[in-house]
Every structure is written in structure tokens, then in C-alpha cells.
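Results of the structural survey
Chain by chain, the residues:
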Amino acid sequence: MKKSNLWAGWAAMYSICLTFSFIPNPQGVLSGFMLILGLLFFLPPAMLLYWAIPRREFKVIRRIRTISLVSLVLTFVLLILNFMSLAFSYNVGMTIYVALLFVSVPMVCAQAWVVSLFLWACLLMVCLTQLNKQKKKK
């Protein structure tokens, strides 16, 4: 599979998961479908890493590392702000929540927040491990 197709697939999964994230309180089959979508979100970056690591494509690895790190950090910050938004106006709280939807798409879509954060962390750790190996070889 071509690298560009994997990036496009990841972008498509982002769009699909973001769209489903706006559904409030999904029930039954829809909830299960959204969980599967949220987990499938991580397939393209995992395949990109599977492709990039043996080819020593560190640019791809660094890009996935950056995306993972930004998503995790912003998710953490926005979650804290979201909990603090109880003291803010409704509009401020909703703005923070919508920002959270955009930053951590699979987390809200899958409704399995810990699993999503764990998978982001797994992507990040694989990237950091590979980049650390590269530095040691220099």
C-alpha cells in the first residue's frame, strides 16, 4: 500500500470520526459502530509506522510522533479546562468541548476515552523508541 494512501486514509478516518463525535448519547448498534470506528482510526498510523520503520523513514516517524504528542497534550489541557468550565458560561464550556472534539477525535467517537488515550500513547512510544534508536546509531 502506498504511503500517500495511508495518510489519506487517516485523514478520512479523522473526518468520519469527527462527524460521528457530534452525535449526543449514541445507543445500541450505533454506539458499537462508533467504538469500532474509533479503534479503526489508529489503523492507518500503525500501518504507516509498520511501513516506515524498516525503511528508516524518520520523517514519517517524526510526523506521527508530533501528531500524537500534540493530540495527547492538547487533550489533557482541554479535559482539564472542560472540567473547569462548570464555573464558566455555557458558551465557553461548549467552545472548549468542541475544541476537544477536534483535538481528540477518536476519544469522543469511540466513547472509550482511556483506550483512545492509550493508543495515542502507544503510537507516541513507538515513535520515540525508533527515533531514540536512530540517535544512538549516529
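Whatever comes next refers back to the structure up there.
Residues numbered from 1 in each chain as written. Predicted model: local features only at pLDDT ≥ 70, side-chain atom pairs only at ≥ 80, totals over all residues. Heavy atoms only, no water.

1. Focus on the overall build of the chain
Tallying secondary structure elements over the chain gives seven helices and zero strands in all. In the chain, the succession of helices and strands from N to C terminus is α-α-α-α-α-α-α. For the chain, the spread of C-alpha atoms along the principal axes amounts to about 55 × 35 × 20 Å. Put simply, the chain has 138 residues, and 38% of those count as buried. (Helix = DSSP H or I, 4+ residues; strand = E, 2+ residues; numbered from the N terminus. Buried < 20%, exposed > 50% of the residue type's maximum accessible area, 1.4 Å probe, protein only.)

2. So, unusual backbone geometry
Located in the positive-phi region is Asn25, a residue other than glycine, with phi close to 50°. Its location among the elements puts Asn25 in the loop between α1 (3-21) and α2 (28-40). The phi angle at Arg56 is positive, at roughly 55°, despite the residue not being glycine. Its place among the elements puts Arg56 in the loop between α3 (43-55) and α4 (58-84).

3. Here's the deal with a nonpolar patch on the surface
A surface patch of nonpolar side chains, amounting to about 750 Å² of accessible area, comprises Leu69, Val73, Phe76, Val77, Ile80, Leu81, Met84, Phe88 and Val92. Top element by residues in the nonpolar patch is α4. It accounts for seven residues. Following the sequence through the fold, Leu69 ends up in helix α4. (Patch = residues over 30% accessible without salt bridge, like charges linked within 9 Å, V, L, I, M, F, W, Y side chains within 5 Å. Areas by Shrake-Rupley, 256 points an atom, 1.4 Å probe, with all protein chains shown as cover. Salt bridge = Lys/Arg side-chain N within 4 Å of Asp/Glu carboxyl O.)

4. Some words on the environment of Met34
Mapped onto the fold, Met34 is located in helix α2. Sequence separation between Met34 and Phe20 is 14 residues, and the spatial gap between their C-alpha atoms is 7.0 Å.

5. Here's the deal with the side chain of Asn82
Turning to its location among the elements, Asn82 is positioned in helix α4. Judged by relative accessible area, Asn82 falls into the buried class, the value being 18%.

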